[in-house]
Each structure stands twice: as structure tokens, then as C-alpha cells.
2 protein chains.
Amino acid sequence: MSKQNRRDFMISGSLLSATLLTDTAFANDNETKTEDKYPPILDSILKRRSVRHYASTPVPDKHIRMILEAARMAATSGNQQPWKFIITQDKSTIMKLKEACIENAISRFKGRNNPTESQLNEQRVETKAYYKKCFSALVYVTVLTDNESTYPSYNHWDGPLAAANLMIAARALGYGTVHYTDSVPSAVTQKVLNIPDRYERVCFMPIGIPIEWPDAPPKKQYKSFIIHNSF
Amino acid sequence: MSKQNRRDFMISGSLLSATLLTDTAFANDNETKTEDKYPPILDSILKRRSVRHYASTPVPDKHIRMILEAARMAATSGNQQPWKFIITQDKSTIMKLKEACIENAISRFKGRNNPTESQLNEQRVETKAYYKKCFSALVYVTVLTDNESTYPSYNHWDGPLAAANLMIAARALGYGTVHYTDSVPSAVTQKVLNIPDRYERVCFMPIGIPIEWPDAPPKKQYKSFIIHNSF
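Rules used in this analysis
Residues numbered from 1 in each chain as written. Chains lettered and ligands numbered in written order. Predicted model: local features only at pLDDT ≥ 70, side-chain atom pairs only at ≥ 80, totals over all residues. Helix = DSSP H or I, 4+ residues; strand = E, 2+ residues; numbered from the N terminus. Buried ≥ 20, exposed ≤ 12 C-beta atoms within 10 Å, placed from the backbone. Contact = placed C-beta atoms within 7 Å. Pairing = 2+ DSSP bridges. Axes fitted to C-alpha atoms, helices over the stretch in contact; angles between N-to-C directions. Nonpolar A, V, L, I, M, F, W, Y, C, P; charged D, E, K, R; others polar. Least-squares fit on C-alpha atoms with pLDDT ≥ 70 in both. Expected span 1.5 Å × (residues − 1). pLDDT = per-residue confidence, 0-100. Left-handed = near helix turned anticlockwise from the far one by under 90°.

## Notes on the overall build of chain A
Step number 1: Assigned secondary structure in chain A consists of seven helices and four strands.
Step number 2: Beginning at the N terminus, the succession of helices and strands in chain A can be written as α-α-α-β-α-α-β-α-α-β-β.
Step number 3: Across the 231 residues of chain A, 40% fall into the buried class.
Step number 4: Long-range pairs, those at least 24 residues apart, make up 80% of the contacts in chain A between residues at least 6 apart in sequence.

Take a look at the structure:
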């Protein structure tokens, strides 16, 4: 990242945090001031955060149901609805996922670094601490698409579209989520959750009350995303 | 689709339409009755529809801005934000897109069917009518991801995650959208909008007030999507 870009990031990020704190203004850049209020209904989109540490507060079944109802109402090519959602709440299964993630991460670390015993121990402590937080939630959803759906070549759109709905619906009900991909490897969920080969994993996602709501990470300037009419 | 599956679709679809009409209940299947209300804040997700015909009502700039702000706050791998959004409002550019889509569709029809002159004329009439509706909106957003982003192998998630936010935010403000893929071919938008090769198109999307809000298409039973704990 260039210095200029980094400064843009930081400026934009600070302004974003500041405006989000008001809960009503929408994120402004300095080049496009506006007095318009952001409708409350859109707060859930702006206030969604990637949450990696959860309180042990139960999530009622009715909320899980509402969140999954929202996910399955996502746009889907030719109405094919190619999704499966694995809702994992069983504590011993969650512990198996955690242990398998730790084992996988340590094994990859060994393969990359040829570490000394002391480096390996240090890495083990860090990895365990990371996954302790990662698996502190009481509910996990594994989002899948079915390679035997009506139009499987469109699943790469349909999968994340449902995942986005899931995250926004969870936020609207007061819950944090995070869209895990490599941190919780697909091979781990496939093995521990016995996922048949015909399913493609989209992501792995906790649902829960955050220990704290993280700030939004620094965001690029709004105008850097926008092209008017055509290139 | 088997008869049983088709019946499940239809039953589920009717129930869904019935519950959505109340605007407060959330979609039930007959196997899991509940009295819980769907929170109004989630209505925009349940009431999003694929809209393919638009009124000529202008969309204020501030709404376009809010919708794009929501899109760019999507979850994104390592905060890379690999998106570009082309906002096309220029009428002559929109007409060029329409003409190019018609030409593309007719050319594909010829290639597939070796049609007689009369079949070709009939197809031309149908195709023109289809794209007249498709291009009846006043605002279009082409969602792109940048192959030169920080983590391009994660763009296939980040792209649709932003598109989903865009559709929900638009619905929250009263606008219809539709997630066009092949109906408005990527080759057409690339040519007419001069999109450089480094960008991957996610989708092409109108934003506007619908001529009418379509019913939700028939949806599969809720329980058909859900696996508890593991396979």
C-alpha cells in the first residue's frame, strides 16, 4: 500500500468510525458532505462487524430460525436455492472442530517453518488462544451449496448471497458473525461434520453476542469505488 | 423435478406468500408453527424481489449513495475491499447496452436454432420486449472485483457479498433490483462500458421503483435446507 493510500485508509476509517458512533449519520468522506440521515433499517448493514470472540449468552432457537429464513430468501439463479445450512450447537462437535483447527494450523506451521521445539510451543500457545476465541460461540452455521443443484455453475454467486443475508439478519437481531474461510479450513468442517463431497463449502460462521463490538477497520474512500457511466 | 418435490415447492410457496402478505409474520412451514413475529427490521431481506420492469421514477443521488455505502461495507477478506461499482445513468449508454444485449441474444438464437426468417422475426419481437423491460430503469450498477486486489483468490466471495448488501439496502429504501448475470452478458457490459480486463464482473443490477412488486417465487421447505450439528 502506498503512503497516500494508507493515509486515505486512515482518514476514511476515522471519519467512518466517528459517523457510525452517532448511529444515524451515514459514512461520509470529506469530499461529499451530506446532511442526509441513514435510515435506521440500514444500520444493520453498516454496523455488521467481523466478530471473533463471543460471550456465552444463548441464542434462542427462534432467532436462529429467523436468521436462516433470511439467508434462504437470498437471490438465487433461476430460483434454484442450492443451499444447505449446518447448524452446529453440540458442544462436543464444536470442541472437535476446535481441536481439528488447532492440529491443522500447527501442522501447517511445521511444514512452513521447520521450527525449534521452543518456537513450536510458542506457536501452540498462540494457536490455542486464537481458536479458543474463535470457538467461544454457542452456535455455528456452515453454509454449503450443492454441486448437484439445478444450475451448479451459478452456485458461486448464490452461496455468498445467502451468507450476506445471514450476517445482516444476525446483526439486525443483535448478534455478531464472521465469514470464516481459511481460518476454519474446509477440510476440517468436511471431516468433522461428515459433509459429503457433493457439497461446496461457502463459509463457516459463528452467531453470538460479541464480547465487544469491534470498530470498523479502516475503509477506502467512497469515491475510489465509484465509476460514473463507464470507464 | 419429481412430483413430490414440485408439490413441496408449491405448498411451501403458497404458505410463504400468505405469511409475507401480513408483513409481520415470518415464513412458516407446516412442520414448524411459531407465533413469533418477524422483526420489521428484517422485512427488507424477506421482501427483496427480482424486479424486471421499472417505472420511470427518478432515484435521488442521495439514495444511490446510501445503497453503495451499504454495498461497500460488506464483509471482505482481510479488509481488501476489491470492488468497483459502475453507476450508469446516461440514457444513450443504457440504450447501447440494450441494443448490444438484443444483438447478442439474436445472434445466440441463430447459432442454436438455424431459424427460418419468420421464426427469427418472432424471436426478435420477444427479445426486444424482454430487453425493453430490462432496460426500463434509470440507474444501473455494474458490480466488479479487481483481479489485482490484495487477495484476488477471495474475490469470488467478496463480490456477491457486496451485491447482496446492495440489493437489501435498495429494498430498504423502497427500490427493486435484480441480480443479472447471463441475461446481460458480461461481454456486453465489458464492451459498452469499456471495462478493463483486470476486472471480473460480479453482476449487472438495475435500481428503481418497480412497475409492480412480484410475488416471491415458490420456495423449498425450510427444513429441507437445515442439517443439525453434522451430516
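## Some remarks on the sheet that holds strand β3 (residues 199-207) of chain B
Step number 1: Across the sheet, four strands lie side by side as β4(A)-β1(B)-β2(B)-β3(B); this open sheet has mixed pairing. If you trace the sheet from one side to the other, it starts and ends with β4 (226-228) of chain A together with β3 of chain B, each paired once. The average undirected angle you get between the axes of adjacent strands in this sheet is 20 degrees.
Step number 2: For β4(A) and strand β1 (residues 83-88) of chain B, the ladder comprises three bridges, and the chain directions are parallel. Each residue of the ladder has a partner; that of A:His228, found in β1(B), is B:Ile87.

## Describing the sheet that holds strand β1 (residues 83-88) of chain A
Step number 1: The strand order across the open sheet built from four strands is β3(A)-β2(A)-β1(A)-β4(B), with neighbouring strands paired in mixed fashion. In this open sheet, the two edge strands, each paired with only one partner strand, are β3 (199-207) of chain A together with β4 (226-228) of chain B. Strand-to-strand twist of the sheet, defined as the mean angle between neighbouring strand axes without regard to direction, takes the value 20 degrees.
Step number 2: When strand β2 (residues 139-146) of chain A meets β3(A), the two strands line up antiparallel, connected through eight bridges. Within β3(A), the position partnered with A:Tyr140 by the bridge is A:Pro206.

## Some remarks on the interface of chain B and chain A
Many descriptions give the size of an interface as the accessible area lost when the pieces come together.
Step number 1: Residue-level contacts link 63 residues of chain B with 63 residues of chain A.
Step number 2: Among the elements that make up the side of chain B that touches chain A, the one with the highest residue count is helix α6 (residues 155-172) of chain B (11 residues).
Step number 3: When the residues that make up the side of chain B that touches chain A are grouped by side-chain class, the tally is 38 nonpolar, 17 polar and eight charged.

## Topic: the relation of the copies chain B and chain A
Step number 1: Least-squares fitting of chain B to chain A yields an RMSD of 0.0 Å, with the transformation described by 0.0 Å of translation along the axis and a rotation of 180 degrees. The superposition operator between the copies reduces to a two-fold rotation axis.
Step number 2: A share of 100% of the interface residues of chain B reappears at the interface of chain A, consistent with the copies meeting face to face through the same patch.

## Some thoughts on helix α3 (residues 61-72) of chain A
Step number 1: The first and last C-alpha atoms of α3(A) sit 16 Å apart over 12 residues, in line with the 16 Å expected at 1.5 Å per residue.
Step number 2: When you tally the buried positions in α3(A), you get nine out of 12 residues, the bulk of the element.
Step number 3: Looking at the packing, one finds that the buried side of α3(A) touches β1, β2, α6 (155-172) and β3 of chain A together with α2 (43-46) and β4 of chain B.

## Section: the environment of A:Lys62
Step number 1: Within the secondary structure, A:Lys62 is located in helix α3.
Step number 2: A:Lys62 sits 85 residues away from A:Asn147 along the chain, and the two C-alpha atoms are 30 Å apart.

## Topic: the pairing of β1(B)
Residue and element names in this part refer to chain B.
Step number 1: Across the six residues that make up β1, a large majority, six, are buried.
Step number 2: Residue alternation in β1 divides its side chains into two sets, Trp83, Phe85 and Ile87 and Lys84, Ile86 and Thr88, and both sets are buried.
Step number 3: Strand direction decides the pairing type here: β1 and strand β2 (residues 139-146), joined by six bridges, are antiparallel. By the bridge assignment, Ile87 is partnered in β2 with Val141.

## Brief notes about unusual backbone geometry
All names here are of chain B.
Step number 1: Notably, Gln81 is not glycine yet its phi reads approximately 50 degrees, a positive angle.
Step number 2: Relative to the assigned elements, Gln81 resides in the loop between α3 (61-72) and β1.
Step number 3: Classification of Gln81 by C-beta neighbours within 10 Å gives buried; the count is 23.

## So, the environment of B:Glu122
Step number 1: One can find B:Glu122 in helix α5 (residues 117-134).
Step number 2: Once the C-alpha coordinates of B:Glu122 and B:Asp215 are considered, the two residues, 93 residues apart in sequence, prove to be 29 Å apart.

## Focus: the environment of A:Ser183
Step number 1: Structurally, A:Ser183 can be placed in the loop between α6 and α7 (186-192).
Step number 2: Taking the C-alpha atoms as reference points, A:Ser183 and A:Tyr130, 53 residues apart in sequence, are found 9.8 Å from one another.

## Considering the confidence of the model for chain A
Step number 1: Averaged over all residues, the pLDDT of chain A is 87; the fraction at 70 or higher stands at 82%.
Step number 2: Interface confidence for the predicted complex, expressed as ipTM, amounts to 0.86; the pTM equals 0.86.

## Overview of the packing of helix α4 (residues 91-113) of chain A against helix α5 (residues 117-134) of chain A
Pairs of packed helices are described in terms of their axes, by the angle between the two and the distance that separates them.
Residues and elements named next belong to chain A.
Step number 1: With their axes 10 Å apart at the nearest point, α4 and α5 run at an angle of 145 degrees to one another. Judged by the twist between their axes, the crossing of α4 over α5 is right-handed. Here Lys98, Cys101, Ile102, Ala105, Ile106 and Phe109 of α4 lie close against α5, whose contacting residues are Gln123, Arg124, Thr127, Lys128 and Tyr131.
Step number 2: For the contact of α4 with α5, the residue count by class is six nonpolar, two polar and three charged.

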